[in-house]
Amino acid sequence: MATAFPDVADPGLYRGDSWRPHFERLRREDPVHYHPESPYGPYWSVSRYADIMAVELDHATFSSASELGGIQIADPPKGQELPNFIRMDPPRHTAQRKTVAPIQAPSNLANMEALIRQRTAAVLDGLPRGEVFDWVDRVSTELTAMMLATLFDFPQDERRKLTHWSDVAIANIAAADAVVKSEAERMAELRQMAEIMAALWKERAAQPPTFDLISMMAHGEATRAMPLNEFIGNFALLIVGGNDTTRNSMTGGLIAAQENPGEIAKVRADKSLLPSLVSETIRWQTPVIHMRRTATRDVELSGKAVKKGDKVVMWYVSGNRDEAVIDDAEAFRVGRPRARHHLSFGAGIHRCVGDRLAELQLKILWEEMLARDLRVEIVGHPVRLYSNFIRGIRALPVRIS
Ligand code: HEM
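Parameters at a glance
Residues numbered from 1 in each chain as written. Predicted model: local features only at pLDDT ≥ 70, side-chain atom pairs only at ≥ 80, totals over all residues. Heavy atoms only, no water. Helix = DSSP H or I, 4+ residues; strand = E, 2+ residues; numbered from the N terminus. Near = heavy atom within 4 Å. Polar contact = N/O pair within 3.5 Å; in protein donor to acceptor, adjacent residues only side chain to side chain. Nonpolar A, V, L, I, M, F, W, Y, C, P; charged D, E, K, R; others polar. 1 Å grid on protein atoms, 1.4 Å probe; cavity = no way out; pocket = protein on both sides within 12 Å on 5 of 7 lines; lining within 4 Å. Points joined across faces, edges and corners; volume = space filled by probe spheres on them. Axes fitted to C-alpha atoms, helices over the stretch in contact; angles between N-to-C directions. Left-handed = near helix turned anticlockwise from the far one by under 90°. Contact = heavy atoms within 4.5 Å. Donors = N, O, S within 2.8 Å, 3.2 Å for Na, K, Ca; no water. Expected span 1.5 Å × (residues − 1). Buried < 20%, exposed > 50% of the residue type's maximum accessible area, 1.4 Å probe, protein only.

Looking at unusual backbone geometry
Residues Pro90 and Pro91 are joined by a peptide bond in cis, for which omega reads 5°. Relative to the elements of secondary structure, Pro91 occurs in the loop between strand 3 (62–63) and helix 4 (92–100). Its identity as a non-glycine residue notwithstanding, Ser302 has a phi of 50°, on the positive side. Tracing the sequence through the fold places Ser302 in the loop between strand 6 (299–301) and strand 7 (304–306).

Side note on the site of the ligand
Near the ligand you find 30 residues, and of these Glu56, His93, Arg97, His350 and Cys352 are the closest. Between the ligand and His93 there is a distance of 2.7 Å, counted from an oxygen atom to a side-chain nitrogen or oxygen. A distance of 2.7 Å separates an oxygen atom of the ligand from a polar side-chain atom of Arg97. Elements with a minimum of two residues in the shell around the ligand: helix 4, helix 10 (228–259), strand 5 (290–295) and helix 14 (355–371). For the shell around the ligand, the leading source of residues is helix 10, giving 7 residues. Residue composition of the shell around the ligand, grouped by class: 16 nonpolar, 10 polar and 4 charged.

Thoughts on empty space enclosed by the protein
Considering all chains together, one arrives at 3 cavities of 30 Å³ or more under this definition. What the largest cavity holds in volume is close to 70 Å³. Of the residues contributing to the lining of the largest cavity, the split by class is 5 nonpolar, 2 polar and 1 charged. Considering only enclosed or pocket space, the second largest cavity measures out at about 40 Å³ in volume. Looking at the second largest cavity, the residues that line it are Trp135, Ser249, Met250, Gly253, Leu254, Leu362, Leu365, Trp366 and Met369. At the level of secondary structure, the elements contributing two or more residues to the lining of the second largest cavity comprise helix 10 and helix 14. Here the residues of the lining of the second largest cavity are counted per class, giving 7 nonpolar, 2 polar and no charged.

Brief notes about the packing of helix 6 (residues 135–152) against helix 10
Between helix 6 and helix 10, the shortest axis-to-axis distance is 9 Å and the interhelical angle comes to 145°. In the crossing of helix 6 with helix 10, the sense of the turn from one axis to the other is right-handed. Along the contact surface, helix 6 presents Trp135, Val136, Ser140, Thr141, Leu143, Thr144, Leu148 and Phe152, while helix 10 presents Phe235, Leu238, Ile239, Gly242, Asn243, Thr246, Arg247, Met250, Thr251 and Leu254. The class makeup of the residues in the contact of helix 6 with helix 10 is 10 nonpolar, 7 polar and 1 charged.

Regarding the coordination of the iron atom of the ligand
Protein coordination of the iron atom of the ligand is limited to a single donor, Cys352 (SG), which sits 2.3 Å from the metal. With respect to the helices, strands and loops of the structure, Cys352 is situated in the loop between helix 13 (316–319) and helix 14.

What to know about the environment of Ile103
By the secondary structure assignment, Ile103 is in the loop between helix 4 and helix 5 (106–125). Dropping the residues within four chain positions of it, Ile103 is found in contact with Asn108, Met112, Leu151, Phe211, Leu213 and Met216.

Topic: helix 14
A rise of 1.5 Å per residue sets the reference length of helix 14, with its 17 residues, at 24 Å; its end C-alpha atoms lie 24 Å apart and thus fit the reference within 8%. Within helix 14, 14 of the 17 residues are buried, which leaves it mostly tucked inside the rest of the structure. Asp373 occupies a position one or two residues after helix 14 and carries a positive phi of about 50°.

Limitation: the analysis is restricted to geometry and does not speak to function.
Next comes the structure, spelled out in structure tokens:
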């Protein structure tokens, strides 16, 4: 008899970076698989690229709504749901998303480019030479915190508060090193965040609209009068969205570079490969491990009978390594055809609203590193996050020679 499939929602698999063979087997033997039991209840595991796309693109059948359980395999604790637009279906989703989407309008990105470059250069020039330091803290976290503070027009000297709230929002409270140890502690921290944001909101609402996220929401018709739980929810979404994902792509890119020096040499020789390097890094790292949906009707998915109310989990880490769509998917290859056609940003109506901004940040980081010929050597093991949602790297010891 075939052995049962392990529960791929076990956060330990991501802490230990040992998830690959399990998904390889799922894709091959049972790509839409029913796990009858797990600490999160029964769920469907969708592991192939094409099936993930089918779920993403049918948002009427596969709902993101907070009331049905939202977008993570773990249901939010009852009575403490924090609705936000990633956990909504149309039409509310459409209206709220539209309010903040201009953050990465081409004109806004062009305005921000010089600032991002200047900050990236300063951070790189300030790194110690010849001594061991943590790349995550000094580079990835620092650059994303600066960016996030700019997006919110939040005081720069308090930017690490944003990093902290992001860590709080995604923490798995069961992890030994979690920043919060209970849901009550998490809510208390997020309420504090909301108080600080509410003060800035009040100021921005009283002034003419500007191009920062707080002002956009304070003036937007769909967002200006949100109840407290939705206010907290949307701020947590924007903080986590802009922070953890880009941060981990910056660190993941360095690991990929160390393991594949030939690929970086290709880019050094031909700078037109930079966008491909960025997309490949985001595919390879896959900073968001999964998104969950809930079926709103009985439906057949790849020959399996999914019932109304079932949890359906799309494993981006797996879809991004599906050989049926991506050649030699396990390898880190700059210059792949259709490099941007990965699943790391999702697809359909919820596709990441910060994708171009994230790509710009990563492109500038690589450009500035290559311009300095910065040779960064990883000198120890990465410390990975205990989470089945964010593929995070919490520390990475490096040395610049
Ligand atoms: C490499 C960096 C990033 C990755 C991998 C990433 C990944 C994702 C994913 C997987 C989704 C859900 C897609 C779906 O359900 O189909 C998403 C949505 C979202 N992301 Fe990102 N993201 C990144 C950067 C950013 C940045 C920089 C921002 C903020 C400016 C941001 C803000 C958001 C928001 C607000 C949503 C919700 C969109 C919606 O529901 O309509 N993300 N992102």
